[in-house]
Number of protein chains: 2
Amino acid sequence: MVTLAEVAQHAGVSASTVSYVLSGKRSISTTTRQRVEQSIRELGYHPNAGARALASSRSNIIALMIPLRTDIYVPVMMEIAIAVATTARTHGYDVLLLTGEEGSDAVRRVTGSGLADAMILMDVELDDERLPLLRSTDQPSVLIGLPADTSGLTCVDLDFGATGALCVEHLATLGHRDIAVIGEAPAVYERHTGFAERTLDGLRRRARELGLRLLHRPCEGGYDAMAVTLARILDERPGTTGFVVQNESAVEPLLALLRQQGRAVPEDVSVVAICPDQVAVQASVRLTSVAIPAQEMGRHAVERLVAKLEGHGGDEVVLIAPELTVRASTGPVPVAS
Amino acid sequence: MVTLAEVAQHAGVSASTVSYVLSGKRSISTTTRQRVEQSIRELGYHPNAGARALASSRSNIIALMIPLRTDIYVPVMMEIAIAVATTARTHGYDVLLLTGEEGSDAVRRVTGSGLADAMILMDVELDDERLPLLRSTDQPSVLIGLPADTSGLTCVDLDFGATGALCVEHLATLGHRDIAVIGEAPAVYERHTGFAERTLDGLRRRARELGLRLLHRPCEGGYDAMAVTLARILDERPGTTGFVVQNESAVEPLLALLRQQGRAVPEDVSVVAICPDQVAVQASVRLTSVAIPAQEMGRHAVERLVAKLEGHGGDEVVLIAPELTVRASTGPVPVAS
DNA sequence: ATAGGTTGTCGAAGCGCTTCGACAGCGAGT
DNA sequence: ACTCGCTGTCGAAGCGCTTCGACAACCTAT
């Protein structure tokens, strides 16, 4: 293993000079810098992470806490995680993967040991148990998702309220008056996951403002659950012509069931999905949808965090504006014959 | 921040004693141990990760390199990653997330800096560019997936050859003679991903042995691609009654298209999938399938790695035996009328 | 009673790096 | 000619921990 001292000796300078070449914290003459850089290359030197962390009390590691659950659409999580890792690298940070399993203990452990300089939390609940800890520690953190009380916290999320409103508006514009919302699994609402509730709020508020009727039903993924849910909806509101779906694993079942019942999409009924673009274009009908900007969320989170680590940028809630893409699953409400 | 020295002072012992209490590397009297543990608790002490890594040259971190691609089924990756993280924690390790983006450079960086003690690589290609490096370094590593030449490497994977054979056998037992294989996207074969080719080998060999006709067609996910692929298959081999699918995003399209053409599953044609159980049970027909044991793979990988780190256990290829679960998508070949 | 072996604890060295204060050398201002 | 202020470099201290050898205290076997 090559050390700083060896590089210094090889280049004929002192260890501190090499350190300053590496960090750029003091000015170094061009000739010296080049000589040192040459030695580094020749010897294949890599600074030792532990020593660095010890001496500088900075690990250059960001901890990312991901949920263990699988009832939320996994590819979105993965895309966020990858975006976080990629963006972090461009800022010189590595990413430590923590699972939600350990909960607050993981926060304590990481903070206490100086393993990471900062952390990003995903799958934040409205009243998350980790929040008090985050507020009390001086380690920077960013949440992906919104808790009920965001004071003293930095958060990044899609504006799910606006997303709900946007879906309703689109359907309203096309003349739909009776709208059904196929939501996430009941468990998601029971644990008060912010995004699900905020979407619902947005949907309801805008529906009220526009004078539409809205029926919300949580739904597990899969065909059987969807069949039951759809039957109930059509029983209760036979005149339903617009659907908003916020549950990726219910999308395809819904389309299949509608087809099976002889309701054509988009001629008879319209469907708007809240899902990643990939799901929208791969579905059996290309879906009009509001995309979940996973990459953007991951990127934003890291950038907020890096800003905090560098001292500028305080607490702030970043809500990403939703964008609705019209595809082949929505159309004007059919003329009553 | 609380240090070892402060704990030592508080407990009235020397620093080294506290260290030995923590590591258990020397025997400590019960009374002393308890006193020290008490002090640790009272002061809320957490050992500093950097200092530890520097002094012991062990970071207690495992690096996990995941692919950036999205043409391979993402939930499987995620499940493996989570299993790795969870299992690692039970052995006292944390997980550093690397993306495939950096390739060999990441391996060099992590190895050189001592950031991690060992690494796990996913999405290994048959002739992976990172292999020479892994062979030449003395840092332990485990691959999830199999390259062409496994000498000097430790690998964990599902036995895809046996998986292919199992699928063919099952269909053969039911009387099917003409089998079509819907494979992964062409790009997956072009980059020589081991698991895809090994599955194909297994399918072909067993089909030959049993005297079945086998037609393999790669296929992108989604409805449009599947429609084209299916049309070609039925054109070329109209008598096809058995399908093997190894592409999660082609499963649902295939079922829909078969239904649409009036071919009932499993009455007219049988479908065997190679996919995670969740996909198999959530499909519109509950699928007979060979599961991809993502968790088990992640767990095994960590356990091999920990064994190597502790000195026992050398290079070895662990192939997990496939298990076929019969569900509702396969049945006896229809009697010719 | 004595040699030999255990057990439990301590002190000190050192892991590889960062960072602070010191200072030599040099050009500019008076 | 002398001082002032740069710029570029160095030496040394120290970050918090692990680990090795030393050794006191005790126990056991002769």
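The numbers attached to residues start from 1 for each chain and follow its sequence in the written order. Chains carry letters from A onward and ligands carry numbers from 1 onward, assigned in written order. Local features in this predicted model are restricted to residues of pLDDT 70 or higher, and side-chain atom pairs are both shown and tallied only at a pLDDT of 80 or more, whereas totals for entire chains, interfaces and linings draw on every residue. Side-chain measures here rest on the full set of heavy atoms in the structure, leaving out hydrogens and waters.

Chemist: Is there a simple way to explain the protein's contact with DNA strand C in this structure?
Modeler: The environment of DNA strand C is made up of 27 residues, and the closest members are A:Leu4, A:Arg26, A:Tyr45, B:Thr17 and B:Thr32. Counting only the atoms of DNA strand C that lie within 4 Å of the protein, the sugar and phosphate share comes to 56%. Within 3.5 Å is the distance limit for a polar contact, defined as a pair of N or O atoms, with the added protein rule that one can donate a hydrogen and the other accept it, and that residues adjacent in sequence qualify only through two side-chain atoms. A:Ser19 has a polar side-chain atom sitting 2.7 Å from a phosphate oxygen of DNA strand C. Measuring from a base oxygen of DNA strand C, one finds a side-chain N or O atom of B:Arg26 at 2.8 Å. Counting residues per element, the ones that place at least two in the surface near DNA strand C are helix H2 (15–23) and helix H4 (49–56) of chain A together with helix H2 (15–23) and helix H4 (49–56) of chain B. Runs of H or I in DSSP of at least four residues are treated as helices and runs of E of at least two as strands, each being numbered from the N terminus. Looking at which element gives the most residues to the surface near DNA strand C, the answer is H4(A), with 5 residues. Considered class by class, the residues forming the surface near DNA strand C number 12 nonpolar, 11 polar and 4 charged. Near is defined per residue: the residue qualifies when any heavy atom it owns lies within 4 Å of the molecule or strand. In the scheme used here, Gly and all other residues not listed as nonpolar or charged are polar, with Ala, Val, Leu, Ile, Met, Phe, Trp, Tyr, Cys and Pro taken as nonpolar and Asp, Glu, Lys and Arg as charged.

Chemist: I keep staring at the interface of chain A and chain B and nothing clicks. Help me out?
Modeler: Interfaces are often sized by the amount of accessible area the parts lose when they come together. Across the contact, 45 residues belong to chain A and 45 residues belong to chain B. Of the roughly 3,800 Å² buried at the junction of chain A and chain B (both faces included), carbon and sulfur atoms supply 66%. Its largest share of buried area at the contact with chain B, chain A owes to A:Met78, A:Leu97 and A:Tyr223, together 16% of the area lost on that side. Any carboxyl oxygen of Asp or Glu within 4 Å of a side-chain nitrogen of Lys or Arg constitutes a salt bridge here. In this assembly, chain A and chain B are joined by 4 salt bridges. Note on contacts: a residue pair qualifies if any of its non-hydrogen atoms lie within 4.5 Å across the two residues. Simply put, the buried area is the total loss of 1.4 Å probe accessible area from both parts when two parts are fitted together.

Chemist: Help me out: how do you make sense of the nonpolar core in this one?
Modeler: Nonpolar side chains tend toward joint burial in soluble globular proteins. Grouping buried Ala, Val, Leu, Ile, Met, Phe, Trp, Tyr and Cys residues that are joined through side-chain atoms within 4.5 Å yields what is termed a nonpolar core. Throughout this description, buried means an accessible area under 20% of the type-specific maximum (1.4 Å probe, protein chains only), exposed means over 50%, and partly exposed covers the range between. A:Ile120 and B:Ile120 are the most contacted members of the largest nonpolar core, which totals 110 residues. Discounting residues that sit within four places of it in the chain, B:Ile120 has contacts with B:Ile62, B:Ala63, B:Leu64, B:Met65, B:Val84, B:Val142, B:Ile144, B:Ala301, B:Val302 and B:Leu305. Of all hydrophobic cores here, the second largest spans 40 residues; its members include A:Met65, A:Val107, A:Cys155 and B:Val124.

Chemist: Whenever I open this one, the protein's contact with DNA strand D confuses me. Can you help?
Modeler: Taken together, 27 residues lie around DNA strand D, and A:Thr17, A:Thr32, B:Leu4, B:Arg26 and B:Tyr45 are the ones closest in. Put simply, 56% of the atoms of DNA strand D that lie within 4 Å of the protein are in sugar or phosphate. A:Ser16 places a side-chain nitrogen or oxygen 3.2 Å from a base oxygen of DNA strand D. Here A:Thr32 contributes a side-chain N or O atom positioned 2.2 Å from a phosphate oxygen of DNA strand D. At the level of elements, H2 and H4 of chain A together with H2 and H4 of chain B are the ones that each hand at least two residues to the surface near DNA strand D. It is H4(B) that provides the largest number of residues to the surface near DNA strand D, a total of 5 residues. Within the surface near DNA strand D, the residues separate by chemical class into 12 nonpolar, 11 polar and 4 charged.

Chemist: What am I meant to see in the environment of A:Leu319 here?
Modeler: Mapped onto the secondary structure, A:Leu319 falls in strand S11 (residues 317–320). Contact partners of A:Leu319, with chain neighbours within four places excluded, come to A:Leu146, A:Asp157, A:Leu158, A:Asp159 and A:Arg198.

Chemist: When you look at the pairing of strand S5 (residues 155–158) of chain A in this model, what are you seeing that I'm missing?
Modeler: Within a regular strand, the side chains alternate between the two sheet faces. All names here are of chain A. On S5, burial covers both faces: Cys-155 and Asp-157 on one face and Val-156 and Leu-158 on the other are all buried. The pairing criterion for strands is at least two bridges between them, as found by DSSP. Relative to S5, strand S4 (residues 141–144) runs parallel, the two sharing 2 bridges. Within the sheet, the bridge partner assigned to Leu-143 lies in S5 and is Cys-155. With 4 bridges joining them, S5 and S11 adopt parallel strand pairing. Paired with Val-156 across the bridge in S11 is Val-318.

Chemist: I'm lost on the relation of the copies chain A and chain B in this one. Help?
Modeler: Copy one and copy two of the chain differ by a rotation about an axis and a translation along that axis. Copies are brought into register by a least-squares superposition over C-alpha atoms of residues with pLDDT of at least 70 in both. Once chain A has been moved 0.0 Å along the axis and rotated by 180 degrees, it coincides with chain B to within an RMSD of 0.1 Å. In symmetry terms, the pair is related by a two-fold rotation axis. A symmetric contact is evident, with 100% of the interface residues of chain A recurring at the interface of chain B.

Chemist: What should I look at first to understand the packing of aromatic side chains in this one?
Modeler: What describes a pair of aromatic rings is the distance from one ring centre to the other and the angle between the planes of the rings. Residue and element names in this part refer to chain A. Only centres within 6.5 Å qualify two rings of Phe, Tyr or Trp (six-membered ring in Trp) as a pair; their planes then separate them into stacked at under 30 degrees, edge-to-face at over 60, and tilted for everything else. Applying the stated criterion across every chain yields a total of 2 aromatic pairs over all chains. Taking the centre distance of 5.2 Å and the plane angle of 45 degrees together, the rings of Phe-160 and Phe-195 count as tilted. On the criterion of sequence distance, the pair formed by Phe-160 in helix H8 (residues 160–173) and Phe-195 in helix H10 (residues 194–210) is long-range, its members being 35 residues apart. You'll find Phe-160 and Phe-195 in the same group, each marked buried.

Chemist: Would you mind going over the side chain of A:Ser113 with me for this structure?
Modeler: Topologically, A:Ser113 is positioned in helix H6 (residues 104–113). From its side chain, A:Ser113 meets the backbone oxygen of A:Arg109 in a polar contact 2.8 Å long. Those residues in contact with A:Ser113 that lie beyond four places of it in its chain are B:His46, B:Pro47, B:Asn48 and B:Ala49.

Chemist: Where do I start with the sheet that holds strand S8 (residues 242–245) of chain B in this structure?
Modeler: Residue and element names in this part refer to chain B. Spatial strand order, S7-S6-S8-S9-S10-S12: 6 strands in an open sheet with mixed pairing. Each end of this open sheet is capped by a strand with a single partner; those strands are strand S7 (213–217) and strand S12 (324–325). Of the strand pairs in this sheet, strand S10 (residues 288–290) and S12 are connected by 2 bridges, and their pairing is antiparallel. Within the sheet, the bridge partner assigned to Ser-289 lies in S12 and is Thr-325. Across the face of the sheet, helix H10 (residues 194–210) comes into contact with strand S6 (178–182), S7, S8 and strand S9 (270–274) while running at roughly 160 degrees to S7. As a rule, the C-alpha atoms of each element are fitted with a line to give its axis, helices using only the stretch in contact, and angles between N-to-C directions run from 0 to 180 degrees.

Function cannot be inferred from these measures alone, as they are strictly geometric.
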